Amino acid sequence: MRTFLLGAVIWLCGWAGMAQTNFFYTDDGLGKTSDKVEASRRSHESLPANLFREGNWGPIVEGFQLSLRFSKQSYTNGEPVHGAILLRNVSGSNLVFQIVFALDRDFRLTVFDPEHRQLPDRADLSVGAVRTAYIWADTQHKFDLRLDKRFDLTELGTYTIVAKRRVPKAGLLGMSEVVSGIVRIQITRSPVSTNEPPHE
C-alpha cells in the first residue's frame, strides 16, 4: 500500500506546473471548471495567508497549512456557531492525505472556556473508515463546522479555539500534525423578550 501511494505522489507531482500561484483554488471534489476557478480567483479566502490574515492561519507543516474562522466574533448563548476550516497545499507540489468519513473525526478541535478550562468534545472521535485523497498544488479544501454541536458554549465569556489534523510526513513515512492559528469568540447573553406592558 505504501509503495502504491509513493508512486501516486511521484506521478501527481508531474501536474504541479498547472497550479496557480497568486490564489488558491477551492476544490469541492466535483470537478474543476472555469467558473469555479474564476470564483476562487475573486474570493477573499483564496488569497495567500499574508493577505488573508482573518483566516487565522497556522504554521506550514509538510506543505500543508490550516485555517479556522467563524462567521462572526460574537454570538449569543444558544445561537448556532458556524465556522469554516480550510486545508491548503502550499508546497508547490501535489500532496496525498487521508480523509476520515466524518468531519468530527477528520479534524480535532481544542476549546478552552472563559475560565481557561479545556472542554470535552461531544463528537464521536473513534477510528472510522478512511480513504486516500489528493490535494493539488495551490489548492485548498473547505469544511463547514458547527462548534456548538460539539462543545458546551453556554457559559458567557471568551472561548479560545484551535483546529488540528494529521497529515503524512514527506515520503509517507509517518504522520505529522498541522494546526490552525488561535481563534477567540465571545458568547454573550441572549436578549430576554417580554410581553409585559410598559410601566406607566
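Everything numeric here is computed off the predicted structure, so don't read it as measured data. (Residues numbered from 1 in each chain as written. Predicted model: local features only at pLDDT ≥ 70, side-chain atom pairs only at ≥ 80, totals over all residues. Heavy atoms only, no water.)

## Points about the nonpolar core
Right, so step 1: Of all hydrophobic cores here, the largest spans 31 residues; its most connected members are Phe70, Leu147 and Ile185.
Right, so step 2: Put simply, the parts of the chain that give this core at least two residues each are strand E2 (64–70), strand E4 (82–89), strand E5 (95–100), strand E6 (108–112), strand E7 (130–135), strand E8 (139–146), strand E9 (157–168) and strand E11 (183–188).
Right, so step 3: Aside from chain neighbours lying at most four places away, what touches leucine 147 is Phe70, Val81, Leu109, Val111, Leu153, Ile161 and Ile185. (Core = buried A, V, L, I, M, F, W, Y, C linked by side-chain atoms within 4.5 Å. Buried < 20%, exposed > 50% of the residue type's maximum accessible area, 1.4 Å probe, protein only. Helix = DSSP H or I, 4+ residues; strand = E, 2+ residues; numbered from the N terminus. Contact = heavy atoms within 4.5 Å.)

## Remarks on the packing of aromatic side chains
Right, so step 1: As enumerated under the stated definition, the model contains 3 aromatic pairs in all.
Right, so step 2: Here phenylalanine 52 and tryptophan 57 contribute two aromatic rings whose centre-to-centre distance is 6.4 Å and whose plane-to-plane angle is 70°, an arrangement assigned as edge-to-face. In this pair, the class of phenylalanine 52 matches that of tryptophan 57, namely buried.
Right, so step 3: Above the ring of tyrosine 25, the side-chain terminus of lysine 32 is found at 4.8 Å from the ring centroid. (Phe/Tyr/Trp six-rings, centres within 6.5 Å; stacked < 30°, edge-to-face > 60°. Lys NZ or Arg CZ within 6 Å of the ring centre and 35° of its normal.)

## As for the environment of threonine 110
Right, so step 1: Here threonine 110 lies in strand E6.
Right, so step 2: Its relative accessible area of 15% is what places threonine 110 among the buried residues.
Right, so step 3: Considering only alpha carbons, one finds threonine 110 and lysine 164, 54 residues apart in sequence, at a separation of 8.2 Å.
Right, so step 4: Ignoring sequence-local partners within four residues, the contact set of threonine 110 consists of Gln118, Thr160, Ile161, Val162 and Lys164.
Right, so step 5: Engagement of the side chain of threonine 110 in a polar contact is seen with the side chain of lysine 164, the distance being 3.3 Å. (Polar contact = N/O pair within 3.5 Å; in protein donor to acceptor, adjacent residues only side chain to side chain.)

## Some points on unusual backbone geometry
Right, so step 1: Residue asparagine 56 is not a glycine yet carries a positive backbone phi of 55°.
Right, so step 2: For asparagine 56, the location among the structural elements is in the loop between helix H2 (34–42) and E2.
Right, so step 3: Unlike most non-glycine residues, histidine 116 shows phi in positive territory, near 65°.
Right, so step 4: By the secondary structure assignment, histidine 116 is in the loop between E6 and E7.
Right, so step 5: Look at histidine 116 and you get exposed, because its relative accessible area is 68%.

## Notes on the side chain of aspartate 148
Right, so step 1: Among the structural elements, aspartate 148 can be located in helix H4 (residues 147–150).
Right, so step 2: A polar contact is formed between the side chain of aspartate 148 and the backbone nitrogen of valine 81, at a distance of 2.8 Å.

## A few points about the side chain of glutamine 140
Right, so step 1: Tracing the chain through its elements places glutamine 140 in strand E8.
Right, so step 2: Here arginine 88 takes part through its side chain, which lies 2.8 Å from a polar atom of the side chain of glutamine 140.
Right, so step 3: With sequence-adjacent residues up to four places away left out, glutamine 140 is seen in contact with Phe24, Tyr25, Thr26, Asp27, Glu45, Ser46, Trp57, Leu86, Leu87, Arg88 and Ile135.

## Description of the pattern of salt bridges
Right, so step 1: One pass over the full model with this rule turns up 10 salt bridges.
Right, so step 2: Of the charged contacts, one joins glutamate 38 and arginine 42 as a salt bridge, the two residues approaching to 2.9 Å between their closest N and O atoms. With a gap of 4 residues between them, glutamate 38 and arginine 42 both fall in helix H2, about one helical turn apart.
Right, so step 3: When its relative accessible area of 32% is taken as the criterion, glutamate 38 is described as partly exposed.
Right, so step 4: Residues aspartate 113 and arginine 117 are paired through a salt bridge, measuring 2.8 Å at the closest nitrogen-oxygen approach.
Right, so step 5: Classification of aspartate 113 as buried rests on a relative accessible area of 4%.
Right, so step 6: Classification of arginine 117 by relative accessible area gives partly exposed; the value is 44%. (Salt bridge = Lys/Arg side-chain N within 4 Å of Asp/Glu carboxyl O.)

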